[in-house]
Every structure is written in C-alpha cells, then in structure tokens.
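What follows is the residue order along each chain.
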Amino acid sequence: MTGGAISAEPIRLVVFDCDGVLVDSEPIAVRTHVALGAELGWALTESDVMNRFVGRSTTSIGEQIAERLGQETARVWDERFREMHARAVDEGLNPVDGITEALDGLEAAGLGAQHWCIASSGSHEKMRHTLGRVGLYERFEGRIFSAHEVERGKPAPDLFLHAARRMGVDPSHCAVVEDSRFGVQAAGAAGMRSFGYAGGLTPADWLTGPTTVVFTDMRRLPALVTAHGHQEVTGAAGN
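Residues numbered from 1 in each chain as written. Predicted model: local features only at pLDDT ≥ 70, side-chain atom pairs only at ≥ 80, totals over all residues. Heavy atoms only, no water.

**So, the overall build of the protein chain**
Item 1. For the protein chain, the helix and strand inventory stands at 10 helices and seven strands.
Item 2. A compact globule built from 239 residues would reach a C-alpha radius of gyration of about 18 Å, and the protein chain, at 17 Å, matches this within 12%.
Item 3. Principal-axis analysis of the C-alpha atoms gives the protein chain an extent of 55 × 35 × 30 Å.
Item 4. Summing over all exposed atoms, the protein chain offers an accessible surface of approximately 10,300 Å²; the carbon and sulfur share of this is 47%.
Item 5. Within the protein chain, the 32 negative side-chain charges are centred at a point lying 2 Å from the centre of the 22 positive side-chain charges. (Helix = DSSP H or I, 4+ residues; strand = E, 2+ residues; numbered from the N terminus. Rg over C-alpha atoms; globule rule 2.2 N^0.38 Å. Areas by Shrake-Rupley, 256 points an atom, 1.4 Å probe, with all protein chains shown as cover. Lys, Arg positive; Asp, Glu negative; His and termini not counted. Charge placed at Lys NZ, Arg CZ, Asp CG, Glu CD.)

**Brief notes about helix H4 (residues 71–92)**
Item 1. End to end, H4 covers 32 Å across 22 residues, agreeing with the expected 32 Å (1.5 Å per residue, within 8%).
Item 2. Turning to H4, its buried residues are Ala 74, Trp 77, Phe 81, Met 84, His 85 and Val 89. Seen end-on, H4 carries its buried residues on one side only, within an arc spanning 135 degrees. (Expected span 1.5 Å × (residues − 1). Buried < 20%, exposed > 50% of the residue type's maximum accessible area, 1.4 Å probe, protein only. Arc of directions from axis to C-beta.)

**Describing the packing of helix H3 (residues 58–69) against H4**
Item 1. Contact geometry of H3 with H4 gives a least axis separation of 7 Å together with a crossing angle of 135 degrees. One finds that H3 runs oblique with respect to H4. As for the relative orientation of H3 and H4, their crossing is right-handed in sense. Facing Gly 62, Ile 65, Ala 66 and Leu 69 of H3, the residues of H4 in contact are Gln 71, Thr 73, Ala 74 and Trp 77. (Axes fitted to C-alpha atoms, helices over the stretch in contact; angles between N-to-C directions. Parallel < 35°, antiparallel > 145°, perpendicular 65-115°, else oblique. Left-handed = near helix turned anticlockwise from the far one by under 90°. Contact = heavy atoms within 4.5 Å.)

**Description of the nonpolar core**
Item 1. By size, the foremost hydrophobic cluster in this structure holds 35 residues, and its most contacted members are Phe 16 and Leu 221.
Item 2. If one sorts the elements of this core by residue count, helix H5 (residues 99–108) sits on top with four residues.
Item 3. Filtering out sequence-adjacent residues up to four positions away, Phe 16 remains in contact with Val 21, Leu 22, Ile 99, Leu 103, Leu 106, Trp 116, Cys 117, Ile 118, Ala 119, Phe 140, Val 177 and Leu 221.
Item 4. Judged by nonpolar contacts, the second largest core, of 18 residues, contains Phe 145, Val 150, Leu 159 and Ala 190. (Core = buried A, V, L, I, M, F, W, Y, C linked by side-chain atoms within 4.5 Å.)

**Points about helix H8 (residues 158–167)**
Item 1. Buried residues of H8: Asp 158, Leu 159, Phe 160, His 162, Ala 163 and Ala 164, and no others.
Item 2. Against the buried residues of H8 lie strand S2 (13–16), strand S3 (116–120), strand S4 (144–146), strand S5 (174–178) and helix H9 (181–189).
Item 3. Backbone geometry just after H8 places Gly 168 at a positive phi near 75 degrees.

**Describing unusual backbone geometry**
Item 1. Omega for the peptide link from Lys 154 to Pro 155 comes to 15 degrees, which places this bond in the cis form.
Item 2. Take Pro 155: it is sitting in the loop between S4 and H8.

**Remarks on the pattern of salt bridges**
Item 1. Inspection of every chain in the model, using the stated rule, returns 16 salt bridges.
Item 2. For Glu 79, the salt bridge goes to Arg 75, with nearest N and O atoms at 3.4 Å. With Glu 79 and Arg 75 both in helix H4 and four residues apart, the pair spans about one turn of that helix.
Item 3. The partner of Arg 219 in a salt bridge is Asp 97, and the shortest N-O contact between them spans 2.9 Å. Of this pair, Arg 219 sits in the loop between strand S7 (212–215) and helix H10 (221–227) while Asp 97 sits in the loop between H4 and H5, and the two are 122 residues apart along the sequence.
Item 4. The network of salt bridges with shared partners includes Asp 97, Glu 101, Asp 217 and Arg 219. (Salt bridge = Lys/Arg side-chain N within 4 Å of Asp/Glu carboxyl O.)

Okay, here's the thing in structure tokens:
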C-alpha cells in the first residue's frame with residue numbers, strides 16, 4: 001500500500017467507480033475491444049486498450065475510434081461492443097472480490113449506504129445490467145451518476161463534482177474509489193482524495209499520486225477510509 005499527503009477533512013461521501021471497483025467487468029471490456037479491433041481494422045493489444053480506453057467514457061472511446069477509422073466504423077464498434085459486452089456479462093460476471101465485505105464494513109464503521117454513490121464512465125443502462133447481475137444495484141439505487149450526464153468525462157473532474165453536488169457534499173469531504181489512472185486524475189482535479197484499487201488489471205504505479213492511497217484488497221477499504229479522514233456521521237447506518 002502506498003500513498004501521499006491525504007486531507008484530514010472527514011469523509012462524508014464515498015464515491016465508487018463501477019467497472020473494476022464494484023463489478024469485475026474490466027477483463028470483459030478489454031477482451032471485447034481487442035476482438036472488435038481485430039474485426040474492424042485496428043489491431044489493439046490488451047495493453048493498448050488499458051492505456052487508451054479503460055476509465056474513459058464511451059464518448060471519448062468513440063472519438064478515438066472515429067479519428068482512427070471514421071464515424072461509421074465507430075458507430076458499428078459501439079453497437080457491437082454493447083451486444084458482445086452484454087452477452088459476456090450474462091455468461092459470467094462476478095462482483096469484485098471483497099466488495100460486499102467492504103460495503104458491510106463501511107456500514108459497521110458508521111458510514112452507511114446514504115453516504116455512498118457511484119460515478120462511472122458507463123451508461124445507466126450498462127450499470128443497471130452489470131450491477132443487477134451481481135446483486136449490487138439495489139444498494140446504490142437512486143445514487144448512481146453517469147458520465148453521460150456531464151459535458152466532459154474522466155480525467156476531467158466534471159462527473160465527480162456533479163455527483164458531489166447531487167449528494168449535497170463538498171468535494172473536500174469526498175473520497176473516490178477508483179481503479180483507473182484517468183479516474184484518479186479526475187478525483188484529484190475535483191479536489192477529492194482517492195483510494196486506488198490495484199487488485200484488478202491496473203498496475204499500482206498508474207494509480208499513485210499525492211492525494212491517493214493505493215491498495216490491493218477491497219476488504220481493506222473500511223479501515224483505510226477510517227484511517228484517512230472518516231469520522232462517524234450522525235444518523236449513518238451502523239451507528
């Protein structure tokens with residue numbers, strides 16, 4: 001676990017990314033993009049996809065594909081990605097290892113579900129599908145925000161600032177749980193500290209930064225939140 005200077009302000013809102021943090025969908029997405037690249041004329045390795053696409057909004061990914069292959073191919077790519085990704089999710093998506101224990105631990109520490117939200121580059125439709133498949137949708141329902149709601153996706157701060165406004169919490173009291181370097185960059189730009197989850201595909205050194213704690217076991221999240229600024233919130237579940 002590594003980290004730099006972390007704000008001492010109490011954490012009143014934990015903002016979760018979705019893919020790779022709540023649901024183990026990043027390997028599915030990476031494999032799907034590699035397959036589509038081979039089919040549609042852009043030879044991509046898994047490393048290429050990690051560098052270019054993971055953590056980015058569908059709009060940003062589409063712009064990159066259109067620049068390389070044209071608008072029509074980008075449209076076909078997006079359509080085929082949705083179909084192939086949904087089918088793979090139905091065939092075998094799992095929650096991120098330890099996430100249920102992490103959520104239960106946050107509640108037990110006095111930071112209950114009303115102090116969590118999701119801010120993801122994915123669409124609401126995609127999140128309903130993936131979170132629903134692993135039984136997590138109801139734990140966040142009504143507190144889920146998509147990059148489709150803002151002008152700029154990650155690494156711009158717009159999505160995280162939008163989520164904080166909607167939840168009524170100042171950015172200085174927010175902590176983001178991310179697994180992509182674009183997400184960690186967005187959190188820093190929003191004035192939020194972050195916990196960088198390196199237990200999946202993303203190398204730990206991609207997540208390091210002055211306001212980031214990097215960790216590899218999701219079960220450690222409640223202890224990390226407690227150690228880096230959480231104070232019990234009156235009325236929180238688990239008090």
